[in-house]
Amino acid sequence: MAKLGIYERVLPLGEGGMGSVWLARNPAGEYVAIKTLKGEHAEDPRVRSMFLKEMRLASAIRHPNVVSVLATADDGEEPYIVMEWVHGRSLRALAPKVEQHGGVPLDIALRIAQDACAGLHAAHEARSPDGTHMGLVHRDVTPHNLLVASTGVTKVIDFGVAKAREARSGDTTSSGGVKGKVRYMAPEQALARPLDRRADIFALGAVLFELVVGRPPFEGPNDLAILRALLGTKGVEVPPWVPVAISNVLKRALARRPDDRFATAD
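So, a few notes on the structure that sits alongside this text.

The rules behind each value
- Residues numbered from 1 in each chain as written.
- Predicted model: local features only at pLDDT ≥ 70, side-chain atom pairs only at ≥ 80, totals over all residues.
- Heavy atoms only, no water.
- Salt bridge = Lys/Arg side-chain N within 4 Å of Asp/Glu carboxyl O.
- Helix = DSSP H or I, 4+ residues; strand = E, 2+ residues; numbered from the N terminus.
- Buried < 20%, exposed > 50% of the residue type's maximum accessible area, 1.4 Å probe, protein only.
- Axes fitted to C-alpha atoms, helices over the stretch in contact; angles between N-to-C directions.
- Parallel < 35°, antiparallel > 145°, perpendicular 65-115°, else oblique.
- Left-handed = near helix turned anticlockwise from the far one by under 90°.
- Contact = heavy atoms within 4.5 Å.
- Nonpolar A, V, L, I, M, F, W, Y, C, P; charged D, E, K, R; others polar.

Per the counting criterion, the structure on display carries twelve salt bridges. Of the charged contacts in the structure, one is a salt bridge between Lys155 and Glu84, with a shortest N-O distance of 3.3 Å. You can see Lys155 sitting in strand β9 (residues 154-156) and its partner Glu84 sitting in strand β6 (residues 80-84), a full 71 residues away along the chain. On the basis of relative accessible area, Lys155 is assigned to the buried category, the value being 11%. For Asp140, the salt bridge goes to Lys181, with nearest N and O atoms at 3.3 Å. Taken together, the residues Asp140 in the loop between α4 (106-124) and β8 (146-149) and Lys181 in the loop between β9 and α5 (187-190) connect sequence positions 41 residues apart. Taking the relative accessible area as the measure of exposure, Asp140 reaches 9% and is therefore buried. Members of the salt-bridge network, linked through shared partners, are Asp196, Arg198, Arg257, Asp259 and Asp260.

This brings us to the packing of α4 against helix α6 (residues 197-213). It is at 10 Å that the axes of α4 and α6 come closest, and there the two elements cross at 165°. Looking at the two axes, α4 sits roughly antiparallel to α6. Every pair of crossing elements has a handedness; the one defined by α4 and α6 is right-handed. Across the interface between the two elements, Leu106, Ala109, Leu110, Ile112, Ala113, Ala116, Cys117, Leu120, His121 and His124 of α4 pack against Arg197, Asp200, Leu204, Leu208, Leu211 and Val212 of α6. A class-by-class count of the residues in the contact of α4 with α6 yields twelve nonpolar, two polar and two charged.

Just geometry here; none of it tells us what the structure is for.
Next comes the structure, spelled out in structure tokens:
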């Protein structure tokens, strides 16, 4: 297969959003993951700008619970991001087993959430090279973007729809537009209102709810029905068999008003 710079593409891993993801090898023979901008988008200046923004945002985060960016390149027709290769599966890929067994054991669910919280907090606290706080919000915290490694460590991936304070005004895809998965979306994001890190806390609360209970906190036959449940005045109902301490965490993380949630993922 064609090379990307010094990297040899080995196997296509899938497509998502604007990019394609490949398993590749570096000159030392070590595996890496490479995300490229799809050919039909590479010539679009606005799309290319968004992709390069993802490069900058992801490169600013250094934490064991966030997939590391090893290199970036924009010196040809196909810009790409080189990331660490993690042997594991996304929570989305594990979803059938979760549903089949009515949730996962509580200690495992909490470990996954703890790791994700640590990774998100690192992202939320990320600073640019000049020390300026970036105000980064992931905006798409879903089972698809939480990778569980074979070592048991969970890593946050894909900051492709992330929003930072540096985003240009007037760009609705960066400054609060509806983007992401509806059943994990904070109410303020669904309403295209300004976002901060507490939107990610809501989303992770929804993921944890699904891990513990075996179903999402807001359900419906389609996105519109889910949105109605999400934006309704009724608070989330946690089954009585969930331990009180965990129930309280879920209710607070999934509070409709951002001020009623945890202030930070930490």
